[in-house]
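Take a look at the letters that make up each chain.
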Amino acid sequence: MSAIDGGIVMVTGASAGIGEALATQLASRAKVLILVARRRDRLEALATKLKATHGNLEVSVFECDLTSGTDRDRMVKEVDERHGGVDVLINNAGVGDMSLFELTDWKKLDMMIALNVTALTHLTHHFVRPMIAKRKGGILNVSSGFGLVVMPAFSTYCATKHYVTGLTEGLAMELRGTGVTITQTCPGPVKTEFVAHVGDNFLGQDTPSFIEISAEKCARQSIAAFDRKIVLTIPGIVSAMGTYIGAALPRWFRRFFFGLTSGALRNKQMAALAQKSSR
Ligand SMILES: NC(=O)c1ccc[n+]([C@@H]2O[C@H](COP(=O)([O-])OP(=O)(O)OC[C@H]3O[C@@H](n4cnc5c(N)ncnc54)[C@H](OP(=O)(O)O)[C@@H]3O)[C@@H](O)[C@H]2O)c1
């Protein structure tokens, strides 16, 4: 039996996309779902829907800007008081950025690091110790294929997801024999609101449909990996093949190959910026 079954499960970023799909699929198994994000109205609507279809389910909604340490402190304190911690922590909330490094707004990078790195680490640190004491529990980190490979114009996002890979792999070793498991899911493109928040799509290209998977499929495969205590999973066969091959290539080759595209990317973004400022 997995820690999800009859457990207290927290899903961050449950107001949209993969997080909403994870919460929806876990509703029939968890005793309590704790939904965290900034958009309370969306969380409330999801809570109402899930409670209507799963009579015994308790759903707690926490409006929280996870980039704020004060908000996180308040949220984890309330969760501990109300529920006595969590059995399963799903660190899903995350944002991306597509831009050449020097052209990105610092505030955006700062916020991305606070969410993808600091908040994920803070929540893991806060909730894992009681899990170890109970010898029961698990963490599911929603990373990205960019946690295993690197692309120009995504450098900081890739770096945040490589951090998640490093932390997850390290903790997978540390947690052996404690009764607590950790899994990271590294999806390629998933059809969600993510790209709309990534910034100007200066490449002007949509993701080819044969690569993109639905949030539901991503959630299903990620939960299956968590249940099987698998440390790393890549949902979607095309993304899995591409990412495993990309990650297996020698670093010098990846630098050479992707480096060839960076001049063209710079020209494209400069042209897009010039067009924007002339409007
Ligand atoms: N979609 C993809 O192609 C893809 C691929 C690989 C990995 N991922 C990863 O998957 C995860 C989920 O992304 P998604 O695709 O489902 O994107 P999404 O549809 O944009 O959802 C992002 C979620 O994160 C929450 N969030 C954003 N900023 C937050 C903040 N400051 N505090 C609290 N919650 C915040 C959002 O809620 P509020 O706005 O209501 O706060 C929302 O629920 C991310 O970690 C992302 O890096 C996505």
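This report concerns the structure included in the present document.

About the cut-offs
Per chain, the residues get numbers from 1 upward, laid out in the order the sequence is written. With pLDDT at 70 or above as the cut-off, local features in this predicted model cover only qualifying residues; side-chain atom pairs require 80 or more to be listed or tallied, and sums for whole chains, interfaces and linings still use all residues. Only DSSP runs of H or I reaching four residues or more are called helices, and only runs of E reaching two or more are called strands; each is numbered from the N terminus. It is over C-alpha atoms that the radius of gyration is taken, and the globule rule equals 2.2 Å times the number of residues to the power 0.38. The burial label depends on the number of other C-beta atoms within 10 Å of a residue's C-beta. Counts of 20 or more mean buried, 12 or fewer mean exposed, and intermediate counts mean partly exposed, with C-beta atoms placed from the backbone. Contacts are defined on C-beta atoms placed from the backbone: any two residues whose C-beta positions lie within 7 Å are in contact. Two strands pair under a simple rule: DSSP has to find at least two bridges between them. The convention used is that axes are lines fitted to C-alpha atoms, helices contributing only their stretch in contact, and that angles between N-to-C directions extend from 0 to 180 degrees. Expected span of a helix: the number of residues minus one, times 1.5 Å. Think of the arc as the fan of directions from the helix axis to the C-beta atoms. For a crossover, the right-handed case is the one in which the path from the first strand over the helix to the second runs clockwise, viewed with the strands pointing away from the viewer. Only the C-beta atom matters for nearness: placed from the backbone, it must lie within 6 Å of the molecule or strand for the residue to count as near. Just so you know the grouping, Ala, Val, Leu, Ile, Met, Phe, Trp, Tyr, Cys and Pro go in nonpolar, Asp, Glu, Lys and Arg go in charged, and all remaining residues, Gly too, go in polar. Convention used here: angles under 35 degrees read as roughly parallel, angles over 145 as roughly antiparallel, angles from 65 to 115 as roughly perpendicular, and any remaining angle as oblique. By convention the crossing between two helices is left-handed if the near helix lies anticlockwise of the far one by an angle smaller than a right angle, and right-handed if it lies clockwise.

The helix and strand tally for the protein chain stands at 9 helices and 9 strands. On C-alpha atoms alone, the protein chain measures out to a radius of gyration of 19 Å, which is about the 19 Å that the 2.2 N^0.38 rule sets for 279 residues. Oriented by its inertia axes, the alpha-carbon framework of the protein chain measures out at about 55 × 40 × 35 Å. The buried share of the protein chain, reckoned over its 279 residues, is 38%. In the protein chain, once contacts between residues fewer than 6 apart in sequence are set aside, the share between residues at least 24 apart is 70%.

Ordered by their spatial adjacency, 7 strands build an open sheet running β3-β2-β1-β4-β5-β6-β9, and the pairing between neighbours is parallel. On the outer flanks of this sheet lie β3 (58–63) and β9 (232–233), each paired with one strand and no other. Judged from the 6 bridges that link them, strand β2 (residues 32–37) and β3 form a sheet pairing that is parallel. When the bridges of β3 are listed, alanine 37 appears paired with glutamate 63. Contacting β2 and β3, helix α2 (residues 40–53) runs over the sheet at an angle of about 175° to β3.

This paragraph deals with helix α7 (residues 215–227). If you check α7, its first and last C-alpha atoms are 18 Å apart, about what 13 residues at 1.5 Å a residue would give, namely 18 Å. For α7, the full list of buried residues reads Ala215, Cys218, Ala219, Ser222, Ile223 and Phe226. Angularly, the buried residues of α7 cover 125° about the axis, an arc narrow enough to put them on a single face. One or two residues past the end of α7 sits lysine 229, with phi positive at roughly 60°.

Okay, the pairing of strand β4 (residues 88–91) next. Residues Val88 and Ile90 of β4 are buried on one face, and the alternating residues Leu89 and Asn91, pointing to the opposite face, are buried as well. As defined by bridge partners, strand β1 (residues 8–12) adjoins β4 across 3 bridges and the pair is classed as parallel. Paired with methionine 10 across the strands is leucine 89, a residue of β4. Sheet analysis places β4 next to strand β5 (residues 137–142), joined by 4 bridges and oriented parallel. In the strand pairing of β5, asparagine 91 is matched with asparagine 141. In this region the chain leaves β4, passes through helix α4 (residues 106–134) and returns to the parallel neighbour β5; the handedness of that crossover is right-handed.

Once that is clear, we can look at the site of the ligand. Taken together, 29 residues surround the ligand, and among them Gly13, Gly17, Arg38, Arg39 and Gly94 come closest. At the level of elements, α1 (17–26) and α6 (194–198) are the ones that each hand at least two residues to the shell around the ligand. Per element, the largest residue contribution to the shell around the ligand is 3 residues, and it comes from α1. The residue inventory of the shell around the ligand, partitioned by class, reads 13 nonpolar, 11 polar and 5 charged.

Now for unusual backbone geometry. Notably, alanine 153 is not glycine yet its phi reads approximately 75°, a positive angle. A positive phi angle is found at lysine 229, which is not glycine, with a value near 60°. Looking at the element boundaries, lysine 229 is found in the loop between α7 and β9.

Here we come to the packing of α1 against α7. The interhelical angle for the contact between α1 and α7, taken along N-to-C directions, is 60°, at an axis separation of 8 Å. As judged from the angle between their axes, α1 and α7 are oblique. For the crossing formed where α1 meets α7, the hand is right-handed. Residue-level contacts link Gly17, Ile18, Ala21, Leu22, Gln25 and Leu26 of α1 to Ala215, Glu216, Cys218, Ala219, Arg220 and Ile223 of α7. Considered class by class, the residues forming the contact of α1 with α7 number 8 nonpolar, 2 polar and 2 charged.

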